[in-house]
Amino acid sequence: MMSLMTEASAGNNAIERTVDDFALQAVVSDAEVLTIEDLSSVSFTEDETRFITARMQSIVQAQVSCEAECGGEPARAETPATLVFEEDPEMLAGFVLESDEHLISIEEQILMLEKDPSLIDTIHAVFRSFHTIKGLAGFLGLSGVQAVAHEVETLLDHARNLRISITPEIVDLVLDSSEYLKREVALVRAKISGAPLPSVCDNTVLLRTLSKATANAVYGRLHPFQEQTVHDQTPAAIVEPGETESVPSIATLTTPAREVAQIDEFASLTQPSQTAALQAPEAVPAARKLIRSEMASASIRVETSKLDRLMDMVGEMVIAQSILSNSPRLTAHGNARLAGEMSRLARITGEVQRCAMSMRMMPIGPLFQKNAKIVRDLSRRNGKQVSLELSGEATELDKTIAEELSDPLLHMIRNALDHGIEPPEERIAAGKAPVASLCLSAEHQAGKIVISISDDGRGLDPQRILNKAIQKGLIDEGTQLAQEEIFKLIFAPGFSTAEKITDISGRGVGMDVVRKHVETLRGRIEIKSELGKGTTFFIHLPLTLAIIEGLVIVVGQHRYIIPVFSVREMFRPTKDMYFTVQGHEEMILMRGELLPLIRLHKRFDLEPRTEDICQGLLVVCEFSEKQFCLFVDDLLGRQEIVIKSLDDTFKSTMGLAGCAILGDGGIGLILDVAGIFHSASERKEIAAA
Amino acid sequence: MATPPTSNGLISTSLSQRISSDKHLIFSLGSEEFGIQVFHIKEIIGMQEVTAIPKMPAHVKGVINLRGQVIPVIDLSLKFAFPSREYTHQTCIIIVRSQTPSGERLVGAIADGVTEVLTISAQDIEHSPDFGSGAPVPYLLGMAKVRGKVKLLLDIDQVFSVDALMKLEQQPLDHDRS
């Protein structure tokens, strides 16, 4: 108990000062006030804990009655700019995770409010998000975050009680605040990961603007809010007794002791979403459990590597199951019961596979939301009026794809805003509505996800693109191209149609990078555009990267897999399609198009079943706008495969992208069509040398 | 704490490691017998179909599917330039753990047959002999004489390193073989 006393006295000063406001000094004796922080660092016996808890409760009761007399006037102080918080990485991680979610939803909702300020439910939702962040920050002693969140909350409280309406200024303020909170959260994240700490942001200006806005908005009716911030060196959570509050001011309770006693009342007063991180008298352990259980109910964080391993093993299980059910020794038996059991197993493995797949999936909504703010900022800066419409936000896709997609999407949106959408005057002159519409949508289409970015702006001008491409030397003058092919020129490296270079786009790297990004995700981009009416980009993406569809082909004794996304078509050629070039290069004339012919058996030094192209099969492969015919013996089928990487021993082999276990347990090598194509030129170089 | 007993002047770090490093799996390639320390070996499987990888040196047979893991398979006989022979029902694949800078890696080694597990104490191991060519014999940790027979102990990290595997020409173990 001695050590406890000394520990306790350290935190005491802070408490005492706060308690002072409530004229409660007399009740509080030195050893009896313990902050949550102290509790976390001192170990107690059960008896001691019970004793302390009991004492604290009695103090708090006295305090409550006292405070009622004082009229619940909150503590005032300047907020310190430094970060004081508990050093519990797990709790901090929980804070970061939860705050991130709330900040995203705040941005989303405040932008909705900007469009329609009368959405009272949305105001409530934003209010609750700030409130939760405030509660969490308070518990962890992040006073800066807490103070800002509190001020915003105060402002929004007026809004939700319809005393003020949401103006663009308020929207700006709320966004600024969420920006500040984001930086603070980033700071906490850096602290957890041990990364170099970014500089602590100064919130004094923000706080002042916020409280001024509050004061102005309500015409000074509520003067006490001036400069009112919650200051506490001890980690204190703030309890806000919910909607039942009749006084317009927000009662802020700043001592942990108070909050301890309030917990029961609190639970009955507040709405579930507001319970944030408030603590039971058993203090820290219980509190942690509370935070954790809240997190657990929403999501569990699992390392991606573990998920990948699971995906891999589930893939194997599915394959093993199919090998088993196709095994002639089992099926030949004709045992009905065995067959029943087998189909049960098949069903279960199928279900497990779907589950495992869905774990990696996330809705695309947050990705779209991230861009909503950018659209708003950019359109303002460019003096353009844009209304952003989102659809299909619930469409799910693989987390890795979603993450990788963030950059290309941003590029394309910037492009649309910069090049596609005209200024209001120009739009009116063209007979369009002054407010342009930019539409982001996502949908599933035949086992793929299609994301479209559509604007009703200028549209692409084929003639201008063509001129530009000729000027840049990308194509020769007089080249005849279909409209589609002309549009694809904008993806060429170094192509940019913008007359002036802005800081947004126009450096001619954008679309090139976009295409590369999308291609690494095994996707492709399609453009539809009508001059003067607008442009739509379609990004076609696979649902997941772990499993691909492949065509299993055979050459001699060997089986190979060609990913379906790199195959355009396949056919059995006739003699009249075949041409030779100077006796050694071979070409195929297909629908007026000459395509180079590559024999896989020659590339890989294999013994084919046939050398006659009319006996075999041609697979038209494509990669980055290039096409060629690959000659193989035969097609075995189409199969979903789990991609595995090959050992380092084989890294020097051109033309292999990995391997996969086939349905019968054998291994099929996955072809990298680009590698196969390029290994040709490499060969010639060797031959020439 | 006294340092563990040492033999032959070598300090072993732990007793268990010393014991397991003494144990060697003995297998045959052609007419010769080789040894690999047991703790390097994951398992031994029967010969199975190996998927060939195009444009690889002849001793790199390809890859096999070991319960979902794809691992490369090397024919040690070909690697050491023994005369080629047919695979028999004695032929097996020894799955070996080899250490690389990037971590542990599994490699399968085709052997003509597995003989036994022998405890070879350090004093029975001699350095690989000098055949007068000056250069040390590659891949050999040493030679052990057991019951009047010689077993060649392989340095598996050397044998199975990616660089060594990719060397196009096969390297005879002994310089005087012919």
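Structure's up top.
Source: prediction; values computed, not measured. (Residues numbered from 1 in each chain as written. Chains lettered and ligands numbered in written order. Predicted model: local features only at pLDDT ≥ 70, side-chain atom pairs only at ≥ 80, totals over all residues. Heavy atoms only, no water.)

*Asks:* How would you summarise the overall build of chain A if you had to cite specific residues and measurements?
*Replies:* If you tally the helices and strands in chain A, you get 21 helices and 18 strands. Burial analysis of chain A (689 residues in total) assigns 49% to the buried set. A separation threshold of at least 6 residues defines the contact pool for chain A, and within that pool the share at least 24 residues apart is 69%. For chain A, the exposed surface amounts to about 32700 Å²; the carbon and sulfur share of it is 54%. (Helix = DSSP H or I, 4+ residues; strand = E, 2+ residues; numbered from the N terminus. Buried < 20%, exposed > 50% of the residue type's maximum accessible area, 1.4 Å probe, protein only. Contact = heavy atoms within 4.5 Å. Areas by Shrake-Rupley, 256 points an atom, 1.4 Å probe, with all protein chains shown as cover.)

*Asks:* Outline the side chain of Thr536(A), listing residues and values.
*Replies:* All names here are of chain A. Relative to the elements of secondary structure, Thr-536 occurs in strand S7 (residues 534-542). Classification of Thr-536 as buried rests on a relative accessible area of 17%. In terms of polar contacts, Thr-536 uses its side chain to reach the side chain of Ser-454, at 3.2 Å. Every residue in contact with Thr-536, bar those within four places of it in the chain, is listed here: Ser-452, Ile-453, Ser-454, Glu-526, Ile-527 and Lys-528. (Polar contact = N/O pair within 3.5 Å; in protein donor to acceptor, adjacent residues only side chain to side chain.)

*Asks:* Quick rundown of the pairing of strand S1 (residues 23-29) of chain B? Include the residues and the values.
*Replies:* All names here are of chain B. Among the 7 residues in S1, 6 count as buried, and that is most of the element. Bridge count between S1 and strand S8 (residues 113-119): 6 bridges; the pairing is antiparallel. When the sheet's bridge partners are listed, Lys-23 is paired in S8 with Thr-119. Note that S1 and strand S2 (residues 32-37) share 6 bridges and pair antiparallel. (Pairing = 2+ DSSP bridges.)

*Asks:* Quick one: what's the story with the pairing of strand S9 (residues 558-563) of chain A, residue by residue and with numbers?
*Replies:* Residue and element names in this part refer to chain A. As defined by bridge partners, strand S8 (residues 547-555) adjoins S9 across 6 bridges and the pair is classed as antiparallel. What sits directly across from Val-554, in S9, is Arg-559. Counting the residues in the hairpin turn of S8 and S9 gives 2 residues, including Gly-556, whose phi is positive at 60 degrees. As defined by bridge partners, S9 adjoins strand S18 (residues 667-671) across 2 bridges and the pair is classed as parallel. Along S18, the bridge assignment pairs Ile-561 with Ile-670.

*Asks:* Explain unusual backbone geometry to me, and be specific about the residues and the numbers.
*Replies:* Most peptide bonds take the trans configuration, and most residues that are not glycine carry a negative phi. Residues and elements named next belong to chain A. Its identity as a non-glycine residue notwithstanding, Arg-522 has a phi of 60 degrees, on the positive side. With respect to the element layout, Arg-522 can be found in the loop between helix H19 (510-520) and strand S6 (524-530). For Asp-605, which is not a glycine, the phi torsion comes out positive at approximately 50 degrees. Since its relative accessible area comes to 54%, Asp-605 is described here as exposed.

*Asks:* Describe in detail helix H5 (residues 120-140) of chain A, supporting the description with residues and values.
*Replies:* Residue and element names in this part refer to chain A. Compared with the 30 Å implied by 1.5 Å per residue over 21 residues, the 30 Å span of H5 between its first and last C-alpha is a close match. Burial within H5 is extensive, with 18 of its 21 residues counted as buried. Backbone geometry just after H5 places Gly-141 at a positive phi near 75 degrees. (Expected span 1.5 Å × (residues − 1).)

*Asks:* Give a detailed account of the interface of chain B and chain A, specifying residues and quantitative values.
*Replies:* Across the boundary between the two partners, chain B contributes 19 residues, which contact 22 residues of chain A. Counting the surface chain B buries against chain A, the share from its top three residues, Pro54(B), Lys55(B) and Val70(B), is 32%. Among the salt bridges present, the one from Arg105(B) reaches Asp647(A), with a minimum N-O distance of 3.0 Å. When residues of the side of chain B that touches chain A are traced back to their parent elements, those giving at least two are strand S4 (60-66), strand S5 (69-75), strand S7 (103-111) and helix H4 (162-166) of chain B. Looking at the side of chain B that touches chain A, its residues break down into 13 nonpolar, 4 polar and 2 charged. (Buried area = accessible area lost by both parts, 1.4 Å probe. Salt bridge = Lys/Arg side-chain N within 4 Å of Asp/Glu carboxyl O. Nonpolar A, V, L, I, M, F, W, Y, C, P; charged D, E, K, R; others polar.)

*Asks:* How would you sum up the side chain of Arg427(A)? Please name residues and give values.
*Replies:* Residue and element names in this part refer to chain A. Within the secondary structure layout, Arg-427 lies in helix H16 (residues 424-429). Its relative accessible area of 1% is what places Arg-427 among the buried residues. Arg-427 has contacts with Glu-422, Lys-432, Ala-433, Pro-434, Val-435, Ala-436, Asp-456 and Gly-457, leaving out every residue within four places of it along the chain.

*Asks:* Help me get a handle on the pattern of salt bridges, residues and values and all.
*Replies:* For the structure on display, the rule yields 31 salt bridges over all chains. Taking the shortest distance from any N to any O, the salt bridge between Arg427(A) and Asp456(A) comes out at 3.1 Å. Of this pair, Arg427(A) sits in helix H16 while Asp456(A) sits in the loop between strand S5 (448-455) and helix H17 (462-471), placing them 29 residues apart in sequence. Judged by relative accessible area, which is 22%, Asp456(A) ranks as partly exposed. Asp112(B) is the partner of Arg85(B) in a salt bridge, and the nearest nitrogen-oxygen pair spans 2.5 Å. Note that Arg85(B) is positioned in the loop between helix H2 (76-79) and strand S6 (92-100) and Asp112(B) in the loop between S7 and S8, a separation of 27 residues in sequence. A single network of salt bridges, built from pairs that share partners, joins Glu114(A), Asp172(A), Arg376(A), Asp377(A) and Arg380(A).

*Asks:* Describe the sheet that holds S7(B), listing the residues and the values that go with them.
*Replies:* Residue and element names in this part refer to chain B. Reading across the sheet, the 5 strands line up as S3-S6-S7-S5-S4 and stay open at both edges, with mixed pairing between neighbours. What marks the edges here is a single partner per strand, and that holds for strand S3 (41-46) and S4. Each strand axis lies, on average, 35 degrees off the axis of its neighbour in the sheet, ignoring direction. Sheet topology note: the S5/S7 ladder contains 3 bridges and is parallel. Residue pairing across strands places Ile-74 opposite Ala-109, the latter belonging to S7. (Axes fitted to C-alpha atoms, helices over the stretch in contact; angles between N-to-C directions.)

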